[in-house]
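Examining the three-dimensional arrangement
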Amino acid sequence: MSFSALVPVETLQDAIEPVSALVDECKIRLNDDGLSIRAVDPANVGMVDMSLAKSAFESYEADGGVIGVNLDRFEDVLSMGDSGDLVSLDLNEQTRKLDIHISGLSYTLALIDPDSIRQEPDIPELELPARLVLTGDDIDYGITAADLVSDHISLRADETAEEFHIEAQGDTDDVDLTFANDDLLAGSVDEAAESLFSLDYLKDMSRAMDTDAEVSLLLGSEMPVKLRYSRNNGFVEVVYMLAPRIKSE
């Protein structure tokens, strides 16, 4: 297995951040057309599917292998780079370590046996009837508001009023952030849907969304929510899926 790449450090950070929001370690697939990661958190609640296009790299050579990486340590190394720096990555086949070079700094990162890492999830194809597009800032604002009163958040599409709601109910206080069709970047509320989710997971996911990101949100009733967006000029593609909390009767 061989792998060698040269890429702007910010690009690699933008690719890793959405994954590290959910997991501490992962498998990185060294595909012909770029890097990809698919992972699920230990509780099997949140999933992420990330791809970093080959065109984002200054140079890229890979033959389709898989490596296991501790994301905390990897991000710590990348944080040593400055804006505009290029990071060089070279896989040492003999030692099974990743040689990293950034602005005069050399770091040898011990890799993890991919077989010891949680199996990559299958992200199911679901019929999610409500489809709309919000900004990353809209989603972050709704999550921040919900966090004032509860540790759960409801996403609701009201077909009759043609509105999308981010809601939370606390012991004494309630929050409701409403988006009319005209407030959406794209899509419209023409199908009813409502699901309840853990706020902590959505907070972690939203931290890896740029404020101006165009986030496609697909929602059903008591079904997972799917969030899809891109960053770093479209070089990084991210899909999150979050399982719902089923309301007790």
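Just above sits the structure.
Residues numbered from 1 in each chain as written. Predicted model: local features only at pLDDT ≥ 70, side-chain atom pairs only at ≥ 80, totals over all residues. Heavy atoms only, no water.

1. Considerations on the sheet that holds strand β12 (residues 163–169)
- Read across the sheet, 4 strands follow the order β13-β12-β11-β15 without closing on themselves; strand pairing throughout is antiparallel. Strands at the two margins of the open sheet, each flanked by one partner only, are β13 (174–180) and β15 (193–198). Each strand axis lies, on average, 15° off the axis of its neighbour in the sheet, ignoring direction.
- Across 7 bridges, the pairing between β12 and β13 is antiparallel. Along β13, the bridge assignment pairs I166 with L177.
- The sheet contacts of helix α4 (residues 199–206) involve β11 (152–158) and β15, and relative to β15 the element is tilted by about 85°. (Pairing = 2+ DSSP bridges. Helix = DSSP H or I, 4+ residues; strand = E, 2+ residues; numbered from the N terminus. Axes fitted to C-alpha atoms, helices over the stretch in contact; angles between N-to-C directions. Contact = heavy atoms within 4.5 Å.)

2. Brief notes about the pairing of strand β3 (residues 34–40)
- Taking burial as the measure, the 7 residues of β3 include 6 buried ones, the bulk of the element.
- Relative to β3, strand β2 (residues 25–31) runs antiparallel, the two sharing 3 bridges. Paired with R29 across the two strands is S36, which belongs to β3.
- Two successive antiparallel strands, β2 and β3, enclose a turn made up of 2 residues.
- Here β3 runs beside strand β4 (residues 46–53); their pairing, made up of 7 bridges, is antiparallel. (Buried < 20%, exposed > 50% of the residue type's maximum accessible area, 1.4 Å probe, protein only.)

3. A look at the packing of helix α3 (residues 136–146) against α4
- One can describe the packing of α3 onto α4 by two numbers: an axis separation of 10 Å at closest approach and a directional angle of 145°. As for how α3 packs across α4, the hand of that crossing is left-handed. Contacts between α3 and α4 involve D140, I143 and A146 from the former and L199, L202, K203 and S206 from the latter. (Left-handed = near helix turned anticlockwise from the far one by under 90°.)

4. As for a nonpolar patch on the surface
- The grouping of M80, L105 and Y107 at the surface amounts to a nonpolar patch, some 270 Å² of accessible area in total.
- Checked against the element boundaries, L105 lands in strand β9 (residues 105–110). (Patch = residues over 30% accessible without salt bridge, like charges linked within 9 Å, V, L, I, M, F, W, Y side chains within 5 Å. Areas by Shrake-Rupley, 256 points an atom, 1.4 Å probe, with all protein chains shown as cover. Salt bridge = Lys/Arg side-chain N within 4 Å of Asp/Glu carboxyl O.)

5. Remarks on a negative patch on the surface
- Together, D24, E25, D72 and D76 make up a negatively charged patch on the protein surface.
- Of note, D76 is situated in helix α2 (residues 71–78). (Lys, Arg positive; Asp, Glu negative; His and termini not counted. Charge placed at Lys NZ, Arg CZ, Asp CG, Glu CD.)

6. Concerning the sheet that holds strand β1 (residues 3–8)
- Taken in spatial order, the 5 strands of this open sheet run β5-β1-β7-β8-β9, and their pairing is antiparallel. A single partner strand is all that each edge strand has here, and the edge strands are β5 (59–62) and β9. The mean angle between the axes of side-by-side strands here comes to 20°, regardless of whether they run parallel or antiparallel.
- Contacts from helix α1 (residues 9–20) reach β1 and β7 (86–92), with the element oriented near 105° to β1.

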